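Below are the chains, spelled out letter by letter.
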Amino acid sequence: MTRGPQLLNYDVVVAGGGPAGSTVAALLAEYGHSVLLVERESVPRLHVGESLIPAANDVLSRLGMIDEMLASPFPKKYSVQFVTESGRESEPFYFDGFQSTGPGHTWQVIRSEFDRMLVDNARRRGATIMPETKLRAPDGPSGSFEQLDLCSSDGSAYRVATRVFVDATGQSALIGSTLGFKQVDPVLRNATVWSHFRGAHRDAGRDAGATIILNSREKKSWFWYIPLPDDVVSVGCTGALGYMFPGDGESAEQVFQQELDRCPPLQRRLAVAERIEPYRVTKDFSYKCRPGAGAGWVMVGDAYGFIDPVYSSGAFLALKSGEMAADTINAALISKDLSPERLGSWQATYDVGVENFRRLVYAFYDMDFNFGRFLARFPEHRGRVTDVLVGNVFKPDVELMFDDVSAELVEPGQ
Ligand SMILES: Cc1cc2nc3c(=O)[nH]c(=O)nc-3n(C[C@H](O)[C@H](O)[C@H](O)COP(=O)(O)OP(=O)(O)OC[C@H]3O[C@@H](n4cnc5c(N)ncnc54)[C@H](O)[C@@H]3O)c2cc1C
């Protein structure tokens, strides 16, 4: 006789143990709902996305995690600095003065460790955690997620009844992929090659933990330079997919080396460094999924959309969307209104902030746009640019710079 799946019942099931899923799970458990968080990998697990921005601190504060972050070995990030394609270094954009609360800096994190801390926090607040358990996509385009099938790595099967399903499956975008809701960003068809290095150059004092964004010659690609604990630096190179990988034959190492050869300021920083991880590649990661909510389900974090790595917005947006969704789901459960309109009611506000990031990302990739020239011409926008870099993207004031950003794009060289 074959045994059927074990039956479970939760108010909320969250799929995905990244920052978005852990935040939803922690806050909803704290509200008193029964919450199951399933993560297909073991916890901790490897992940790209190591640089936080200060606005993440607000959500971390609500999650009660600031003291844990302060006690962690994660380098403190006080600023971000840009190096142009000609090798000119901008003044660092320091964050202090742009945060009303918190320590005036944020952190560079080892994602396996950071995400484990978030999952542990959700567990402490009452969520049930099932690692190494995969949520199976429902068969057919039913759009119903009231009954979910889970499969653990030890072969156990579960069927869970739930009132609300939260898709926090990151770039897998379980609902978006299953129901055909994924819309790739036509402007940002990019690829990234990244690895970790030990013994690379570190700036002194409070610049030691800064993110540095370095353009390669002719702005064909850019590198992130993210200092991590134990003298390790994460370095990743991003450029147009068709430029980085024009055929089938390029190895990740070749592509990285080819771009490093075009970036002397990075060569100097890596001169005596040793690579300690394999090169990893990720491609075509910019998209959005619409609609973002349905009857009894809602998407958060990367499962709802991802812009681009350049301003390190992803983990913050995952945390923020998790927070906004949790408050909305709590109210929806209490009022017994689990309609798409109710569950997705936070997304219009959230989308405005995402759009502010996106418009400045488009400017970054535009060959005619130059931040130094823009700020020299419009010094009144310096605070607004910093607001975006910090993550204060929900301030109405931020939008005021985009007419002038657009003017720079259509009037190059003026
Ligand atoms: C090249 C690159 C560089 C980046 N750099 C940065 C950066 O410096 N700073 C930054 O803030 N962001 C960065 N990001 C973005 C950041 O990594 C993501 O935005 C962030 O991790 C999103 O969090 P999340 O919780 O939505 O998803 P994730 O962190 O991806 O978590 C999703 C989880 O869902 C699990 N999962 C998937 N499918 C299932 C399933 N069927 N069942 C159960 N579990 C499942 C996965 O295993 C995963 O653990 C970068 C992204 C890219 C592509």
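All values reported here derive from a predicted model rather than from experimental measurement.

Before going further, it helps to examine the overall build of the chain. When its secondary structure is counted, the chain shows 14 helices and 21 strands. Dimensions of the chain, computed from the C-alpha atoms along their principal axes, are close to 70 × 45 × 45 Å. A buried classification covers 44% of the 414 residues belonging to the chain.

Here the focus is unusual backbone geometry. Between Val-43 and Pro-44 the backbone carries a cis peptide bond, its omega angle lying at 5°. Tracing the backbone shows Pro-44 in the loop between β2 (35-38) and α2 (56-62). Note that the residue after Arg-290, namely Pro-291, is joined by a cis bond; omega there is 0°. One can find Pro-291 in the loop between β18 (287-289) and β19 (293-294). One non-glycine residue with positive phi stands out, namely Glu-218, at about 60°. Along the chain, Glu-218 falls in the loop between β13 (211-215) and β14 (221-228). Positioned with a positive phi, Lys-336 is a non-glycine residue whose angle comes to about 55°. Within the secondary structure, Lys-336 is located in the loop between α9 (314-335) and α10 (340-343).

Here the focus is the site of the ligand. Among the 40 residues in the neighbourhood of the ligand, the closest are listed as Gly-18, Gly-49, Gly-170, Gly-301 and Gly-314. Elements represented by at least two residues in the shell around the ligand include exactly α1 (19-31), β8 (133-136) and α9. At four residues, α9 tops the list of elements feeding residues into the shell around the ligand. Of the residues contributing to the shell around the ligand, the split by class is 16 nonpolar, 17 polar and seven charged. Each of domain 1 (6-74 + 109-184 + 286-352) and domain 2 (190-283) contributes no fewer than three residues to the shell around the ligand.

Along its 19 residues, helix α11 (residues 347-365) runs 26 Å from first to last C-alpha, staying within 8% of the 27 Å computed at 1.5 Å per residue. Along α11, the residues classified as buried are Gln-347, Tyr-350, Gly-353, Val-354, Asn-356, Phe-357, Arg-358, Leu-360, Val-361 and Ala-363.

In this section: the environment of Pro-54. With respect to the secondary-structure elements, Pro-54 resides in the loop between β2 and α2. Residue Pro-54 is classed as buried on the basis of its 24 C-beta neighbours within 10 Å. Each C-alpha atom of the pair Pro-54 and Phe-197 lies 25 Å from the other, and the pair is 143 residues apart in sequence.

Right, let's talk about the sheet that holds β18 for a bit. The strands making up a sheet associate through hydrogen bonds between their backbones, and the pairing can be parallel or antiparallel. Here three strands make up an open sheet; going across it, the order is β11-β18-β21 and the pairing antiparallel. Every other strand in the sheet has two partners, leaving β11 (182-184) and β21 (305-306) as the edge strands with one partner each.

Now for the domain arrangement of the chain. Interface extent is often summarised as the accessible area lost during association of the parts. Partitioning the chain into domains gives domain 1 (6-74 + 109-184 + 286-352), domain 2 (190-283) and domain 3 (366-410). A separation of 26 Å is found between the C-alpha centroids of domain 2 and domain 3.

Where α1 contacts α9, the axes come no closer than 7 Å and their chain directions differ by 30°. The orientation of α1 relative to α9 falls into the category roughly parallel. As for how α1 packs across α9, the hand of that crossing is right-handed. Here α1 contributes Pro-19, Ala-20, Thr-23, Val-24, Leu-27, Leu-28 and Tyr-31 to the contact with α9, which in turn contributes Ala-315, Ala-318, Leu-319, Ser-321, Gly-322, Glu-323, Ala-325, Ala-326, Ile-329 and Asn-330.

What follows concerns helix α4 (residues 111-124). Given a rise of 1.5 Å per residue, 14 residues ought to cover 20 Å, and the 20 Å separating the end C-alpha atoms of α4 matches this to within 8%. At its buried positions, α4 is contacted by α1, β2 and β7 (128-130). Following α4 by one or two positions, Gly-126 has its phi on the positive side, about 115°.

Here β2 shows two buried faces, one formed by Val-35 and Leu-37 and the other by Leu-36 and Val-38. Summarising the sheet, strand β1 (residues 6-15) and β2 pair through four bridges and their orientation is parallel. If you follow Ala-15 over to β2, its bridge partner there is Val-38. Crossover β1 to β2 through α1 is right-handed.

This part covers the packing of α1 against α4. To characterise two packed helices, one gives the angle between the axes of the helices and the distance between these axes. One can describe the packing of α1 onto α4 by two numbers: an axis separation of 8 Å at closest approach and a directional angle of 20°. In terms of axis orientation, α1 runs roughly parallel to α4. When you trace α1 past α4, the crossing you get is left-handed. Touching Pro-19, Ser-22, Ala-25, Ala-26 and Ala-29 of α1 are Asp-115, Leu-118, Val-119, Asn-121 and Ala-122, all from α4.

With respect to the element layout, His-47 can be found in the loop between β2 and α2. Sequence separation between His-47 and Ile-110 is 63 residues; the distance between their C-alpha atoms is 8.4 Å. Contact partners of His-47, with chain neighbours within four places excluded, come to Arg-111, Ser-112 and Asp-115.

Counting residues in hydrophobic clusters, the biggest one holds 111 residues, and the most contacted among them are Val-14, Val-24, Ala-25, Val-35, Val-166, Val-300 and Ile-329. Tallying contributions element by element places α9 first for this core, with 11 residues. Setting aside its immediate chain neighbours within four residues, Ala-25 contacts Val-14, Val-35, Leu-37, Ala-122 and Ala-127.

About the cut-offs
- Residues numbered from 1 in each chain as written.
- Predicted model: local features only at pLDDT ≥ 70, side-chain atom pairs only at ≥ 80, totals over all residues.
- Helix = DSSP H or I, 4+ residues; strand = E, 2+ residues; numbered from the N terminus.
- Buried ≥ 20, exposed ≤ 12 C-beta atoms within 10 Å, placed from the backbone.
- Near = placed C-beta within 6 Å.
- Nonpolar A, V, L, I, M, F, W, Y, C, P; charged D, E, K, R; others polar.
- Domains from an automatic or database assignment.
- Expected span 1.5 Å × (residues − 1).
- Pairing = 2+ DSSP bridges.
- Axes fitted to C-alpha atoms, helices over the stretch in contact; angles between N-to-C directions.
- Parallel < 35°, antiparallel > 145°, perpendicular 65-115°, else oblique.
- Left-handed = near helix turned anticlockwise from the far one by under 90°.
- Contact = placed C-beta atoms within 7 Å.
- Right-handed = clockwise from strand over helix to strand, strands pointing away.
- Core = buried A, V, L, I, M, F, W, Y, C linked by C-beta atoms within 7 Å.

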